[in-house]
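# Examining the three-dimensional arrangement
The primary structure of each chain is shown beneath.
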Amino acid sequence: ANWEESAASMSHSFNAFLAAVELGVPRVIFASSNHVMGGYKDDPAFGQVLPTSPPRCGTFLRNPDDLAKSGNAVAYAAAKLAGEQLCRALAVTTSRTTFVVLRIGWCQPGENLPSTLSAAGCPPAFFRDSGSEGAEALISPEDNSDERWFKGMWLSNRDFLAYCRAALTVHAEPSRVLLLNAMSRNRGARWDLVDTEKVLGVCSEDDSSK
């Protein structure tokens, strides 16, 4: 995303949230992003990234080709963070609408397999031969920190659906936003899922290392 697209994304979210409150929609589920916390990628000493950890917008990529394909992660994350903040502000103004915010992990179009994960997000752009079965993703050997980070926050299609189904009906107190990480149970990941599983009552089933 660039900053123009980021501003448009903010407007879309704001319009939808304000309309939901005005009309008394019972539940709003906002698909926020891991990029809101992307700054923790290069700070392993911080440890587990909690939903309550201070935001660090944007994810720095070491590979310049990946960086060029992925767009401005700070601009993208800023729009998501703005949406989160509006949810918080609106939650205290209404008892008719409750808000659940899921910080979505790394998803891809289609089958969304761990073997095709890449820092730019869309598998075809990273295939040497996008039309061949089992094509190899172009992840540079020197960029292991990028690879570990993105595999650690992979969200499978199955786990994504389970989280969203649970978010539709989970109890949420008026005036309080439920803000949760939404990743699969990836071995070695730094994303804390304790609150996610406790609040939603869902244990993720998939692991990018398997």
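Up top is the structure these notes are about.
Residues numbered from 1 in each chain as written. Predicted model: local features only at pLDDT ≥ 70, side-chain atom pairs only at ≥ 80, totals over all residues. Heavy atoms only, no water.

### What to know about the overall build of the protein
Assigned secondary structure in the protein consists of six helices and three strands. Tracing the protein from N to C terminus, the helices and strands come up as α-β-α-α-β-α-α-β-α. Classification of the 210 residues of the protein by burial places 49% in the buried group. For the protein, contacts bridging at least 24 residues in sequence account for 68% of all contacts bridging at least 6. Total accessible area on the protein is roughly 10,500 Å²; 56% of this is exposed by carbon and sulfur atoms. (Helix = DSSP H or I, 4+ residues; strand = E, 2+ residues; numbered from the N terminus. Buried < 20%, exposed > 50% of the residue type's maximum accessible area, 1.4 Å probe, protein only. Contact = heavy atoms within 4.5 Å. Areas by Shrake-Rupley, 256 points an atom, 1.4 Å probe, with all protein chains shown as cover.)

### Thoughts on the pattern of salt bridges
Inspection of every chain in the model, using the stated rule, returns eight salt bridges. For the salt bridge of K41 with D42, the shortest nitrogen-to-oxygen distance reads 3.0 Å. Residue class for D42 comes out partly exposed when judged on its relative accessible area of 34%. Between E147 and K151 there is a salt bridge, with the nearest N and O atoms lying 3.0 Å from each other. In this pair, E147 and K151 are both assigned in helix α4 (residues 144–152), four residues apart and thus about one turn of the helix distant. Looking at K151, the relative accessible area reads 29%, which means it is partly exposed. What you see here is one network of salt bridges that share partners, running through K41, D42 and D146. (Salt bridge = Lys/Arg side-chain N within 4 Å of Asp/Glu carboxyl O.)

### Notes on the sheet that holds strand β3 (residues 178–182)
Strand order across the open sheet formed by three strands is β1-β2-β3, with parallel pairing between neighbours. Looking along the sheet, the strands with just one partner apiece sit at the ends: β1 (27–33) and β3. The mean inter-strand angle of the sheet, taken between neighbouring strand axes irrespective of direction, is 20°. Judged from the five bridges that link them, strand β2 (residues 98–104) and β3 form a sheet pairing that is parallel. Residue pairing across strands places V100 opposite L178, the latter belonging to β3. Sitting on the sheet, helix α3 (residues 73–91) is in contact with β1, β2 and β3, with an inclination near 155° to β1. (Pairing = 2+ DSSP bridges. Axes fitted to C-alpha atoms, helices over the stretch in contact; angles between N-to-C directions.)

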